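Secondary and tertiary structure notes
Below are the chains, spelled out letter by letter.
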Amino acid sequence: MNANLNTLGRGSLYAGLMAGALAMPAGAQTITAVMHSGLRVLDPVITTAHITRDNASMIFDTLVSLNSDFEVVPQMAEYEVSEDGLTYTFTLRDGLTWHDGGEVTPADCIASMKRWMERDGGGQMIADKMESLEATGDNSFELVLTEPFPYTLTAMAKVSGLALFMMPERIASTPSDQAIEELIGSGPFKFVQEEFQPGVRVVFEKFEDYVVTPEPADWFSGAKEVLVDRVEWVTMPDAQTAINALVNGEIDYMESVPVDLLPLLETVEGVETQVLNDLGSVTIGRMNFLHPPFDDPQIRRAAMMALNQEDVLTALIGNPEYYQVCGAIFGCGTPYEFTDGSETLTTGDGVEQATQLLEESDYDGTPIVLMQPTDVVTLTAQPIVAAQALRNVGFNVDMQPMDWQTLVTRRASQAAPSDGGWNIFFTNWVVPEVSNPLANVMLNGRGDEAWFGWPTDEEMNQMLADFGAAEDEETRKSLAEQMQAHVMENVNYVHLGQYFSPAAWRSDVLSGVETAPFPVFWGVSKDEG
Amino acid sequence: MPIFLVRRFLAAIPVLLTVAVFVFLLLRLTPGDPAAIIAGDMATPEQLERIRATLGLDQPIIVQFGTWIVDILRGDFGTSLISRQPVLNLVTDRMWPTIWIGLITIALSVIIAVPMGVLAAWKQGSWIDHLVMTFSVLGFSVPVFVTGYLLITLFALDLQLFPVQGYTPPSQDFGSFAARVVLPSFTLASIYIALIARMTRASLLNVLGEDYVRTARAKGLTERRVLFRHALRNAAVPVMTVIGTGFALLISGVVVTESVFNIPGLGRLTVDSIFARDYPVIQALILLTAGIYVLVNLLIDISYSFLDPRIRY
């Protein structure tokens, strides 16, 4: 009897559910994905929010792109660099069109580059050295520099921070401090404006006229071949709900599964879990260089030696399969993986040295204001562990709980810690955001113009300038190694280890899910059997 | 009655104005900077300043408040600082799931809780009474999210009778709409049922001790007639009061329920907007909530005169 009722219930309710829940053409293949957060800001040039970048990578394409070997390769355009390193010539591939049917022209690309240069750190470096940026034909344009800047193509291809996406000229002409209101790109997916609900749902449709490159897909480069009709991103604020929905087959893909909830999925048939972003993220601590006690490098070193990665990562992630003790400030698994000077962080045996350093310093016991965000799961553990570790070596710690947005506002204050300022806070970056010295904002040592904490560090600035000007990879590696040692000595920031977020998907219907530092939906097919 | 209605509507104006001033000041005094949220981690102070200027956040607070009030009087609730969508569109888009869940919850609660309360009062001291009171204590004590997860586990994952999450508008597909609102509505109703059942029981027990009930029984009326014609109608006034004041409970419950069942309603919009310091959206939502609260209580006051002929406005 019960079985009959169940059958009846399932039949009647799901028949109704499936008939109308998806208002789309019959037979349309749709991937339903739960992303790490809701999309609210659409303009990829105005914000560094990852979800905005992820959304933009579906809609827009890039002139050049980065592959999994961190090499710059042509994407929308072939390029040539003159022997003197001053002239970059870009030739657009044939047949590129925007989603509204217009042809992609050099004028569109020039406008996109100029808008990006006003906002992005790498773009600003290029702009500082730019003599001209002009069209040279119907499908080509030229960037001419006043002095060689070998980092140019890497900055243009980077996918972290603000990536350089191509937009039609009329959209790219929007002032860089105003958000664009139209998402028309030339990328593999079209943005469906009428179905967009900020913070709730984003819908993409396959762009039938997308010109697929002949090279195979590799990270963000190569053939971005779309194998489904639609992709829908739905926001689920509750991870447990998303997991239940995945188990029930209501969604196909979950970008980030909290490690403590993974056991709920590991035994479910037809669901696969795997770390897709195998570079992962790093967690760091940043001190305020403007105010005592952390204006003193000896005290900063004492604080760094008090901390150890294993304790922080155990509290943050728990499962050692999903974290890595890693002393390299540019991240383990990257071309600039050097670990000089990180021994106390990775072994945890710096407590005695830290206590001694602090005793010998001028530290007078003034409480250290340590800001603790309470509403971001990936940032709640670090302050608690660090506060205890700092107390253990003799620091007087005033841990102040607050929500993340309060922290974001307060960290911009240069006031004294006792007057609404701060001494230390913690944050996370995905590895591509720190793996290149010129993209890593925490290395900037330009005082008031530097990232929060405002270090003045001429030695680091010189190394960064040399890195940008270096013409061969050996020189760059040597400089990166020197920067690693310098950061450990000067404590520009405290590198607290690397961790990885597993994704989960219905392997019984999806195939072609690949690893990349952010989720890609090209090359993924869906078979509902 | 018309004079009463006009008076009540006029009285709502200072209430809403006070709420407007209070919310506006509270938000501006709360730490947080929408420009920093928009710009992200790598923005320079100059870039932040330019974004603040674009959003009008560099204006003095009094100027911002004046602009906001004047715009509202013209029917313009502004634009979301974060998504750049008109606030009115955002709110109306997200309003219907909440309204539907709220209405179904209230209907379910009244349909289930009033008979439960009546039964408990009628059979005072019996196992039925104990059962109803136990349910009331449980309904009140178990957090909404726990009830939600239990219902999902049982009815969605184990029995597969309903979907786990989501919302479909009834105009798009009524079957899907019905399947998706059942669990959230029952989850939210669990507190409301407990509250109303308890109040119905207490109120009815009072009334059942009155002389006119004894007289009705002495006249030889059936127990059903005594209960429903004589006692319940007189016991309804406090029950209606509880339904009105319990509306605040419903609003707070909606925030959690919408998260657990992934319903894109006003509760989630409110939480998201607060975390993002999206001032115009929060202000509009609080004003809307205050307005609805005032309206619901006005309707409850009006209902008194229908339930108790002695009450006249």
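Residues numbered from 1 in each chain as written. Chains lettered and ligands numbered in written order. Predicted model: local features only at pLDDT ≥ 70, side-chain atom pairs only at ≥ 80, totals over all residues.

Description of the overall build of chain A
- Regarding its fold elements, chain A presents 16 helices and 21 strands.
- In terms of C-alpha radius of gyration, chain A reaches 25 Å, essentially the compact-globule figure of 24 Å for 529 residues.
- Structurally, chain A occupies a C-alpha span of about 75 × 75 × 40 Å along its principal axes.
- Buried residues in chain A amount to 49% of all 529 residues.
- Counting contacts in chain A only where the partners sit at least 6 residues apart, residues at least 24 apart contribute 71% of the total. (Helix = DSSP H or I, 4+ residues; strand = E, 2+ residues; numbered from the N terminus. Rg over C-alpha atoms; globule rule 2.2 N^0.38 Å. Buried ≥ 20, exposed ≤ 12 C-beta atoms within 10 Å, placed from the backbone. Contact = placed C-beta atoms within 7 Å.)

Let's talk about the overall build of chain B
- Looking only at helices and strands, chain B has 13 helices and 0 strands in total.
- Secondary structure elements in chain B, listed N-terminal to C-terminal, are α-α-α-α-α-α-α-α-α-α-α-α-α.
- Overall, chain B is about 85 × 55 × 35 Å in size when its C-alpha atoms are taken along their principal axes.
- Across the 313 residues in chain B, those meeting the buried criterion constitute 39%.

Some points on helix α16 (residues 473–490) of chain A
All names here are of chain A.
- The end-to-end C-alpha distance of α16 is 25 Å, a good match for the 26 Å that 18 residues give at a rise of 1.5 Å each.
- Among all positions of α16, only R476, L479, A480, M483, Q484, H486, V487 and M488 are buried.
- Against the buried residues of α16 lie α15 (458–469).
- Directly after α16, the chain includes V491, whose backbone phi takes a positive value near 55°. (Expected span 1.5 Å × (residues − 1).)

Some thoughts on the UniProt feature "domain: ABC transmembrane type-1" (unreviewed entry) in chain B
- Here the UniProt feature "domain: ABC transmembrane type-1" (unreviewed entry) sits at residues 95–300 of chain B.
- Between the end C-alpha atoms of residues 95–300 of chain B there is a gap of 22 Å, over a span that is 83% helix and 0% strand. (UniProt positions renumbered as here; feature names shortened; annotations may be inferred.)

A short note on the interface of chain B and chain A
- Each partner contributes residues to the interface: chain B has 49 residues there, and chain A has 46 residues.
- When residues of the side of chain B that touches chain A are traced back to their parent elements, those giving at least two are α2 (34–39), α3 (45–55), α5 (87–122), α7 (144–158), α8 (174–208), α11 (247–260) and α12 (266–275) of chain B.
- Residue composition of the side of chain B that touches chain A, grouped by class: 24 nonpolar, 16 polar and 9 charged. (Nonpolar A, V, L, I, M, F, W, Y, C, P; charged D, E, K, R; others polar.)

Focus: the packing of helix α7 (residues 239–247) of chain A against α7 of chain B
- Viewed as axis vectors pointing N to C, α7 of chain A and α7 of chain B meet at an angle of 5°, and their least axial separation amounts to 12 Å. Comparing their axes, α7 of chain B and α7 of chain A come out roughly parallel. Contacts from Q240, N244 and V247 of chain A in α7 of chain A reach Y149, I152, A156 and L157 of chain B in α7 of chain B.
- Of the residues in the contact of α7 of chain A with α7 of chain B, the class split is 5 nonpolar, 2 polar and no charged. (Axes fitted to C-alpha atoms, helices over the stretch in contact; angles between N-to-C directions. Parallel < 35°, antiparallel > 145°, perpendicular 65-115°, else oblique.)

Notes on the pairing of strand β7 (residues 140–145) of chain A
- Burial of β7 of chain A is one-sided: the residues F141, L143 and L145 of chain A facing one way are buried, the residues S140, E142 and V144 of chain A facing the other way are not.
- The loop that links strand β6 (residues 130–135) of chain A with its antiparallel partner β7 of chain A comprises 4 residues. (Pairing = 2+ DSSP bridges.)

Overview of the UniProt feature "transmembrane region" (unreviewed entry) in chain B
- Mapped onto this numbering, the UniProt entry gives "transmembrane region" (unreviewed entry) at residues 99–122, 134–157, 177–197, 235–261 and 281–307 of chain B.
- Measuring from the first to the last C-alpha atom of residues 99–122 of chain B gives 34 Å, for a span that is 100% helix and 0% strand.

Topic: the UniProt feature "domain: Solute-binding protein family" (unreviewed entry) in chain A
- Taking the UniProt record as the reference, the feature "domain: Solute-binding protein family" (unreviewed entry) is found at residues 71–432 of chain A.
- Along residues 71–432 of chain A the backbone is 27% helical and 21% strand, and the end-to-end C-alpha distance reaches 13 Å.

Here we look at the nonpolar core
- Counting 225 residues, the largest nonpolar core has L63, I251, M254, A302, A306 and L307 of chain A together with I196 of chain B as its most contacted members.
- A total of 18 residues in this core trace back to one element, the largest contributor, which is α8 of chain B.
- Beyond its immediate stretch of four places on either side in the chain, M254 of chain A contacts V34, A242, L246, A503, A504 and W505 of chain A. (Core = buried A, V, L, I, M, F, W, Y, C linked by C-beta atoms within 7 Å.)

Quick word on helix α6 (residues 127–141) of chain B
- Between the first and last C-alpha of α6 of chain B there are 21 Å, a value that for 15 residues agrees with the 21 Å anticipated at 1.5 Å per step.
- Turning to α6 of chain B, the residues buried within the fold contact α5 and α8 of chain B.

Focus: unusual backbone geometry
Residues and elements named next belong to chain A.
- The omega torsion across P292 and P293 is 5°, close enough to zero to call that bond cis.
- Relative to the helices and strands, P293 resides in the loop between β13 (281–287) and α9 (297–306).
- You will see that F70, though not glycine, has its phi angle at about 60°, which is positive.
- Summarising the element assignment, F70 is placed in the loop between β2 (64–66) and β3 (72–74).

Description of the sheet that holds strand β9 (residues 201–206) of chain A
Residue and element names in this part refer to chain A.
- Pairing in this open sheet of 7 strands is mixed, and the strands run β8-β9-β10-β1-β11-β19-β12 from one edge to the other. Only two strands of the sheet have a single neighbouring strand rather than two, namely β8 (189–191) and β12 (271–275).
- The pairing of strand β1 (residues 30–34) with strand β10 (residues 230–234) spans 5 bridges and is classified as parallel. Note on β10: the bridge partner recorded for T32 is E232.

What to know about the domain arrangement of chain A
Residue and element names in this part refer to chain A.
- Assigned domains of chain A: these are domain 1 (30–250 + 506–526) and domain 2 (281–499).
- Relative placement of domain 1 and domain 2: their C-alpha centres are 31 Å apart.
- Facing the 14 residues of domain 1 at the interface are 12 residues of domain 2.
- Examining the composition of the side of domain 1 that touches domain 2, we find that 3 residues originate from one element, helix α4 (residues 121–128), more than from any other.
- Classifying every residue of the side of domain 1 that touches domain 2 gives 8 nonpolar, 5 polar and 1 charged. (Domains from an automatic or database assignment.)

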